[in-house]
Amino acid sequence: MKKAVILLLSLVIIIGVGRALLKLPAVQDTLLERGTALLAKRGTAPLSESENLRVYVCGSASPLGMGQAQACIAVITPEHFYLIDSGAGSTDNISRLGLPTSQLDGLLLTHFHSDHIAEIYEVNLNSWVQGRPQPLTIYGPQGVDEVVNGVNASYRQDRIYRTGHHGADLLPPAVGVLEHKTISPGVILEDGDLTITAYVGEHPPIEPAVGYRFDYRGRSVVISGDSNVNGNTLKIVDGADLLLHDALSLPTVSALSKAMGAAGQSRQSKIVADVMDYHASAESLIELGEKSDVDMVAFYHLVPVPPTSLLKDVFLRGAPDNFLLTEDLMWFELPIGSNDIVVNRP
Ligand SMILES: [Zn+2]
Ligand SMILES: [Zn+2]
């Protein structure tokens, strides 16, 4: 008992001394120097620091977000860096993950709902400032030209300010202007060992809405964008290692809509009920897993993000062990020459 009291007192004194030390400018300056040195190293690692296929969750949420960023996935190989969608909050996560945006090759859009395109310009600005040597190309289905032209026009003055302030050598004006490329279903890009294939999803009334499959040296990942499960999903996941799919918890969304209706919030109740017909339910994804040979299914674009372990359990009700819920900053490593998928949690 006496020993415990002495230990507790010692702990209190140590914490007190520690707090007092943190108030000293010399100690603050030393910590500042160390902290900024660590910060400065973020995002500078070359892509080739690993030979594996890597997939990062820079946005796991839907508009029903609960503190997580909206849709964004990064796919990285030793030679490539692509982003799929850039919803609100995603650029911050890209920075927190330390991804080397100066080496960003392109941004692929699945469709043009706001939760997938909100930070196109933030991604552009961030990678331009980091030294991306060429203009950023935004890939997407029909309509991508309208989106990109709009972003370029909205931020024309911002680009002028940035170049005016930092100089054209550091921020060449032409590199800040986005380019666009309209894609069609099928192989959209072959670059060395990487093949990217687009497929048509089902997200009515949005047409077209596409998803993408990445194949790299025998490893593969499919990213759905917003979609129900349909025949195309079954085809595209054939032989795939990892599927990141838009997922909706029917029990939760139904309960939410019902509760809103009972509380007199009829508008909100209808809107929440409407989303049930154009996102894949967890049940439909479990069925897909049974019909296909995909190795791992990771739910993202969560409708809604489950804030408690109870709601996580409800979301994954009936799901087998190779299913999981993503969260921001989670990432997957798919080693070349192996069937392993390493899941790294933040
Ligand atoms: Zn959508
Ligand atoms: Zn969405």
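Everything in this summary refers to the structure shown in the same document. (Residues numbered from 1 in each chain as written. Chains lettered and ligands numbered in written order. Predicted model: local features only at pLDDT ≥ 70, side-chain atom pairs only at ≥ 80, totals over all residues.)

Section: the overall build of the protein
Scanning the protein for helices and strands turns up twelve helices and 15 strands. Dimensions along the principal axes, computed over C-alpha positions, put the protein at roughly 65 × 60 × 50 Å. Residue burial in the protein is summarised as follows: out of 346 residues, 40% are buried. Considering only contacts within the protein whose residues lie at least 6 apart along the sequence, 65% involve residues at least 24 apart. (Helix = DSSP H or I, 4+ residues; strand = E, 2+ residues; numbered from the N terminus. Buried ≥ 20, exposed ≤ 12 C-beta atoms within 10 Å, placed from the backbone. Contact = placed C-beta atoms within 7 Å.)

Examining helix H2 (residues 25–41)
End to end, H2 covers 24 Å across 17 residues, agreeing with the expected 24 Å (1.5 Å per residue, within 8%). Within H2, only zero of the 17 residues are buried, leaving the element largely exposed. Note on H2: the residue one or two positions beyond its end, Gly-43, has a positive phi of about 80°. (Expected span 1.5 Å × (residues − 1).)

Some words on the sheet that holds strand S2 (residues 72–76)
Read from one edge of the open sheet, eight strands run S6-S5-S4-S3-S2-S1-S14-S15, paired in mixed fashion. Edge positions in the open sheet fall to strand S6 (179–182) and strand S15 (342–344), since each of these has one partner strand only. Across the sheet, the axes of successive neighbouring strands diverge by a mean angle of 20°, strand direction being ignored. Relative to S6, strand S5 (residues 137–140) is paired through four bridges, and the arrangement is parallel. Looking at the pairing, Thr-137 lines up with Glu-179 of S6. Along the sheet, helix H6 (residues 144–154) contacts S5 and S6; its crossing angle with S6, the most-contacted strand, is approximately 170°. (Pairing = 2+ DSSP bridges. Axes fitted to C-alpha atoms, helices over the stretch in contact; angles between N-to-C directions.)

Section: the environment of Gly-164
Along the chain, the position of Gly-164 falls in helix H7 (residues 156–166). On the neighbour-count criterion, Gly-164 (11 C-beta atoms within 10 Å) is exposed.

Some details on unusual backbone geometry
When glycine is set aside, most residues are seen to have a negative phi, and most peptide bonds are trans. Here the bond from Glu-207 into Pro-208 is cis, since omega is -5°, no more than 30 degrees from zero. Considering the arrangement of structural elements, one finds Pro-208 in the loop between strand S8 (194–200) and strand S9 (210–216). Between Val-303 and Pro-304 the backbone carries a cis peptide bond, its omega angle lying at -10°. Note on placement: Pro-304 falls in the loop between strand S12 (296–303) and helix H12 (309–315). Phi at Asp-85 is positive, roughly 70°, even though this residue is not glycine. Counting through the fold element by element, Asp-85 comes out in the loop between strand S3 (81–84) and helix H3 (90–96). In this structure, Arg-217 takes a positive phi of about 45° despite not being glycine.

Focus: the nonpolar core
Ile-73, Ala-74, Val-75, Leu-83, Ile-138, Val-221 and Leu-242 are the most contacted members of the largest nonpolar core, which totals 78 residues. The leading source of residues in this core is S12, at six residues. Not counting residues within four places of it along the chain, the set of residues in contact with Val-221 comprises Leu-53, Val-55, Val-75, Phe-214, Ala-240, Asp-241, Leu-242 and Leu-244. (Core = buried A, V, L, I, M, F, W, Y, C linked by C-beta atoms within 7 Å.)

A word on the packing of helix H9 (residues 250–262) against helix H10 (residues 266–274)
Following both chains from N to C, one finds H9 and H10 inclined at 165°, their axes separated by 7 Å at the closest point. When the axis of H9 is compared with that of H10, the two are roughly antiparallel. Handedness of the H9/H10 crossing: left-handed. In contact with Val-253, Leu-256, Ser-257, Met-260 and Gly-261 of H9, H10 contributes Ser-266, Gln-268, Ser-269, Val-272 and Ala-273. Within the contact of H9 with H10, the residues separate by chemical class into five nonpolar, five polar and no charged. (Parallel < 35°, antiparallel > 145°, perpendicular 65-115°, else oblique. Left-handed = near helix turned anticlockwise from the far one by under 90°. Nonpolar A, V, L, I, M, F, W, Y, C, P; charged D, E, K, R; others polar.)

A look at the sheet that holds S9
In space, the seven strands of this open sheet follow the order S7-S8-S9-S10-S11-S12-S13, with mixed pairing throughout. This sheet does not close on itself; its edge strands, each paired only once, are strand S7 (186–191) and strand S13 (323–325). If you compare each strand with its neighbour and ignore which way they point, the axes differ by 20° on average. Bridge analysis of S9 against strand S10 (residues 219–223) gives five bridges, and the strand direction is antiparallel. Bridged to Asp-215 within S10 is Ser-220.

Here we look at the pairing of S7
Summarising the sheet, S7 and S8 pair through five bridges and their orientation is antiparallel. By the bridge assignment for S8, Val-187 is matched with Thr-197. Between S7 and the antiparallel strand that follows it, S8, lie two residues; Gly-192 among them carries a positive phi value of about 60°.

Observations concerning the pairing of S12
S12 sits mainly inside the fold: seven of its eight residues count as buried. The pairing of strand S11 (residues 242–248) with S12 spans seven bridges and is classified as parallel. Looking at S12, one finds that Leu-242 is bridged to Met-296. Taking the sense of rotation as the criterion, the β-α-β connection linking S12, H12 and S13 turns out right-handed. (Right-handed = clockwise from strand over helix to strand, strands pointing away.)

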